[in-house]
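A closer look at the structure
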Amino acid sequence: MFDPYGSQLNGPVMWSRPQHGPQEHPHAMMVLILGVLGVFCCGACAPVAWALGARSLREIDASGGIYGGRHQVLIGLVLGIIGTILMAAGGVLFFLMVLGGRS
C-alpha cells in the first residue's frame, strides 16, 4: 500500500478524523452579554441572563461533553444574579424615596 506522503506502508491504513474540542453552547455568548448589560447598563437584562444562564448550564452538564462554554455561561449567570439584586435594591430604594417624599 502506498502512503500519500510517499512512504511504503505494510498493512491497512487507518485515517482518523481530527479531534476537536466540544462545540460552544449556542447561548453561551448571549448569556455573557446579557449579564454584562444587566450589571452595567440595562437592569432588565439581568433576570433574563439569570434564567437563560441557569437553563444553559443544565444543558451543558447534561450534554456529556458535547457542549462547551461553561465558563462564559457561569460568568453571565453570576453577573445576572448580581444585576438582579442591584435592580431589586434600586427598586426598593426608589420606593422608599417616594414614600419618604410624601411626609
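Before any of the text, the structure's been laid out above.
To start, this report covers the structure provided alongside it. Quantities reported herein were computed from a predicted structural model and do not represent experimental measurements.

1. Description of helix 1 (residues 28-40)
With 13 residues, helix 1 extends 19 Å between its outermost C-alpha atoms, agreeing within 8% with the 18 Å of an ideal straight helix rising 1.5 Å per residue. What helix 1 keeps buried is the set Ala28, Val31, Leu32, Leu34, Gly35 and Gly38. Within helix 1, the buried residues cover an arc of 165 degrees as seen down the axis, which keeps them to one side. Tucked into the core, helix 1 has its buried residues touching strand 1 (23-24), helix 2 (45-62) and helix 3 (70-101).

2. Considerations on the side chain of Ser56
Mapped onto the secondary structure, Ser56 falls in helix 2. By relative accessible area, which is 0% here, Ser56 ends up buried. Filtering out sequence-adjacent residues up to four positions away, Ser56 remains in contact with His25, His27, Val31 and Val73.

3. Observations regarding the environment of Ala28
One can find Ala28 in helix 1. Overall, the relative accessible area of 0% leaves Ala28 in the buried class. Put simply, Ala28 and Ile75 are 47 residues apart on the chain and 9.7 Å apart in space, counted from C-alpha to C-alpha. Discounting residues that sit within four places of it in the chain, Ala28 has contacts with Gly69, Gln72 and Val73.

4. Structural notes on the environment of Ala54
Position of Ala54 relative to the elements: it lies in helix 2. The class for Ala54 is partly exposed, based on a relative accessible area of 24%. Note: C-alpha distance between Ala54 and Val73 (19 residues apart in sequence) is 8.2 Å.

5. Considerations on the pattern of salt bridges
Within the structure shown, the criterion is met by 2 salt bridges. When the shortest N-O distance is used, the salt bridge between Arg55 and Glu59 registers 3.9 Å. Pair noted here: Arg55 and Glu59 are both in helix 2, with a separation of 4 residues, about one helical turn. Where Asp61 meets Arg70, a salt bridge forms, and the shortest distance between an N and an O atom there is 2.5 Å. The partly exposed category is assigned to Arg70, whose relative accessible area is 36%.

Rules and cut-offs
- Residues numbered from 1 in each chain as written.
- Predicted model: local features only at pLDDT ≥ 70, side-chain atom pairs only at ≥ 80, totals over all residues.
- Heavy atoms only, no water.
- Helix = DSSP H or I, 4+ residues; strand = E, 2+ residues; numbered from the N terminus.
- Expected span 1.5 Å × (residues − 1).
- Buried < 20%, exposed > 50% of the residue type's maximum accessible area, 1.4 Å probe, protein only.
- Arc of directions from axis to C-beta.
- Contact = heavy atoms within 4.5 Å.
- Salt bridge = Lys/Arg side-chain N within 4 Å of Asp/Glu carboxyl O.

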